[in-house]
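Listed below, chain by chain, are the residues.
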Amino acid sequence: MEKRASIDIGSNSILLLVAEIDGDSVKVLENESHVTGLGRDLDLNKKFIQEAMDDSLAVLEEYSKICKKYEIEPATVLVTATEASRVATNAAEFFEQVKQRAGFNIQTISAEGEAYYSATGILFDKHITNDVITIMDIGGASTELIKVNTKDKSIIHSFSMPVGAVRMNNWAKESKREENLAMVLQDFNKDLEEVLTSTLYCVAGTMTSVANMYLKHSDFVESEVNGLSFAAGEVNKMLQQYNEYTPDRFLSAFPFLGKRSKTIKSGLILANTILHRLKIENVYISTYGLRYGTLLAGEINHDFLR
């Protein structure tokens with residue numbers, strides 16, 4: 001058994017996975033997720049703000065201690081950064097600080113790399129039997145849609161739209177949420193036509209949180225969320241039900257949301273809009289994703305580095 005660790009630094013949350021690997025067998029030792037909002041106000045400032053970097057660094061220092069507990073050197077951990085880090089002008093400066101303080105070498109991957117490893121991660125789920133599936137990953141600053149052949153794990157079509165739960169929240173502050181979202185969907189109209197499907201396979205924090213809310217859980221119950229299926233219309237019902245909720249009210253009703261309570265309404269609006277646009281009938285939720293994909297791969301392909 002080989003011990004490995006992977007970290008996914010997203011625009012909204014930072015996730016850690018520590019596991020023992022034996023061929024295709026994975027024994028999870030640690031599975032951590034913390035919302036740090038690294039991409040908050042990114043479109044306005046074009047860089048990470050100090051508060052977001054401080055919050056993220058504190059989480060990464062804690063993750064470093066966890067890795068060392070399992071005798072995994074931080075320098076060997078597969079740490080990937082996505083859309084926010086592709087955009088922020090001070091990303092390299094922040095990464096150097098992380099290396100000095102936590103020991104991690106952060107690699108920013110392309111949208112194509114994000115799609116590849118997210119697909120690899122979700123296909124770890126042996127309950128997925130369809131020959132071709134479409135995956136949606138709503139992050140903080142971007143949303144990836146990936147059409148993949150499950151038999152040979154080849155990607156048929158994938159694209160990354162510059163819209164996520166945090167970006168939607170930022171647009172709301174400027175009273176431009178609906179306008180900007182409509183523009184993004186129009187820009188990617190042809191791509192969206194390529195991934196029309198009846199069932200959408202969803203990974204990442206926004207949709208796993210939506211699923212846990214659908215189950216009415218106050219704590220996050222991964223064993224019930226992973227593999228959950230429900231009608232796409234339920235997301236619209238939830239949006240109507242919680243449309244007047246403030247972040248404080250979301251947090252009171254669903255304590256597991258934590259800092260995500262500030263962006264979950266924007267996430268619901270985005271999810272509902274995409275589900276409607278793609279004519280989705282059913283949603284399948286997976287808690288596997290990017291960090292599982294990189295962990296299983298054991299390395300980051302240089303072709304996917306930015």
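Before going into details, it helps to say that this report is about the structure given with it. Not measured: the values here are computed from a predicted model.

Parameters and conventions
Residues numbered from 1 in each chain as written. Predicted model: local features only at pLDDT ≥ 70, side-chain atom pairs only at ≥ 80, totals over all residues. Heavy atoms only, no water. Helix = DSSP H or I, 4+ residues; strand = E, 2+ residues; numbered from the N terminus. Rg over C-alpha atoms; globule rule 2.2 N^0.38 Å. Buried < 20%, exposed > 50% of the residue type's maximum accessible area, 1.4 Å probe, protein only. Salt bridge = Lys/Arg side-chain N within 4 Å of Asp/Glu carboxyl O. Pairing = 2+ DSSP bridges. Axes fitted to C-alpha atoms, helices over the stretch in contact; angles between N-to-C directions. Contact = heavy atoms within 4.5 Å. 1 Å grid on protein atoms, 1.4 Å probe; cavity = no way out; pocket = protein on both sides within 12 Å on 5 of 7 lines; lining within 4 Å. Points joined across faces, edges and corners; volume = space filled by probe spheres on them. Arc of directions from axis to C-beta. Core = buried A, V, L, I, M, F, W, Y, C linked by side-chain atoms within 4.5 Å.

## Structural notes on the overall build of the chain
Item 1. Assigned secondary structure in the chain consists of 14 helices and 11 strands.
Item 2. Relative to a compact globule of 306 residues, whose C-alpha radius of gyration would be 19 Å, the chain shows 18 Å and is just as compact.
Item 3. Dimensions of the chain, computed from the C-alpha atoms along their principal axes, are close to 45 × 45 × 35 Å.
Item 4. Buried positions account for 56% of the 306 residues belonging to the chain.

## Topic: the pattern of salt bridges
Close approach of charged atoms allows side chains with opposite charge to pair.
Item 1. Taken as a whole, this structure holds 15 salt bridges when the rule is applied.
Item 2. The residue Lys173 makes a salt bridge to Asp41 at a minimum N-O spacing of 3.6 Å. Pair noted here: Lys173 is in helix 6 (residues 165-173) and Asp41 is in the loop between strand 3 (25-35) and helix 1 (42-45), with a separation of 132 residues, a long-range link.
Item 3. The exposure class of Lys173 is exposed, given its relative accessible area of 61%.
Item 4. The salt bridge involving Arg277 is made with Glu193; its shortest N-O contact spans 2.8 Å. Here Glu193 lies in helix 8 (residues 189-194) and Arg277 lies in helix 13 (residues 264-277), a separation of 84 residues in the sequence.

## Examining the sheet that holds strand 3
Item 1. Spatially, the 5 strands line up as an open sheet ordered 3-2-1-4-5, and their pairing is mixed. The outermost strands of the open sheet, each flanked by one partner alone, are strand 3 and strand 5 (106-108). When strand polarity is set aside, the average angle formed by the axes of neighbouring strands in this sheet is 20 degrees.
Item 2. As paired elements, strand 4 (residues 78-81) and strand 5 share 3 bridges and run parallel to each other. Note on strand 5: the bridge partner recorded for Val79 is Ile106.
Item 3. Each of strand 1 (2-9), strand 2 (13-22), strand 3 and strand 4 is contacted by helix 14 (residues 290-297), which is oriented at about 145 degrees to strand 1, the strand it contacts most.

## Topic: the layout of surface pockets
Item 1. The calculated volume of the largest pocket comes to roughly 760 Å³.
Item 2. As for the largest pocket, its lining consists of 39 residues, and the residues nearest its centre are Ser13, Leu15, Ser33, Gly205 and Arg260.
Item 3. Listing elements by their share of the lining of the largest pocket, those giving two or more residues are strand 2, strand 3, strand 6 (132-138), helix 9 (205-214) and helix 14.
Item 4. With 5 residues, strand 3 is the single largest residue contributor to the lining of the largest pocket.

## Some details on the sheet that holds strand 9 (residues 199-203)
Item 1. The mixed open sheet is built from 6 strands, whose spatial order is 8-7-6-9-11-10. The two strands at the open ends of the sheet, each matched to only one other strand, are strand 8 (154-161) and strand 10 (229-231). The mean inter-strand angle of the sheet, taken between neighbouring strand axes irrespective of direction, is 25 degrees.
Item 2. Two strands pair when backbone bridges link them, and strand 6 and strand 9 are joined in this way by 4 bridges, in the parallel orientation. Of the residues in strand 9, the one forming a bridge with Thr134 is Leu200.
Item 3. Across the face of the sheet, helix 9 comes into contact with strand 6, strand 9, strand 10 and strand 11 (282-285) while running at roughly 105 degrees to strand 11.
Item 4. Here helix 13 sits on the sheet and contacts strand 6, strand 7 (143-149), strand 8, strand 9 and strand 11; the angle it forms with strand 6, its principal contact strand, is near 155 degrees.

## A word on helix 11 (residues 233-241)
Item 1. Where helix 11 is concerned, the buried positions are Val235, Met238 and Leu239. Take helix 11 and look down its axis: the buried residues cluster within an arc of 100 degrees, on one side only. Away from its buried face, by an angle of more than 90 degrees, helix 11 presents the exposed residues Lys237 and Gln240.
Item 2. Check the buried side of helix 11 and you find it contacts helix 9, strand 10 and helix 13.

## Focus on the nonpolar core
Item 1. Counting 44 residues, the largest nonpolar core has Met161, Met207, Met213, Val283 and Ile285 as the members making the most contacts within it.
Item 2. Among the elements that line this core, the one with the most residues is helix 13, at 7 residues.
Item 3. Excluding residues that lie within four positions of it along the chain, Val283 makes contacts with Leu200, Cys202, Met207, Leu228, Ser229, Phe230, Ala232 and Leu275.
Item 4. Ala5, Ile9, Leu16 and Phe104 belong to the second largest nonpolar core, which has 32 residues in total.

## Considerations on the side chain of Ser118
Item 1. Structurally, the position occupied by Ser118 is in helix 5 (residues 111-122).
Item 2. Ignoring sequence-local partners within four residues, the contact set of Ser118 consists of Asp137, Ile146, Gly289 and Leu290.

## Description of helix 9
In an α-helix, one full turn covers 3.6 residues, which means residues spaced three or four apart are oriented alike.
Item 1. Counting buried positions over the 10 residues of helix 9 gives 9, a clear majority of the element.
Item 2. All of the buried residues in helix 9 are Gly205, Thr206, Met207, Thr208, Ser209, Val210, Ala211, Asn212 and Met213.
Item 3. Directly beyond the C-terminal end of helix 9, a positive phi value near 65 degrees is found at Lys216.

Interpretation in functional terms is not warranted from these geometric data alone.
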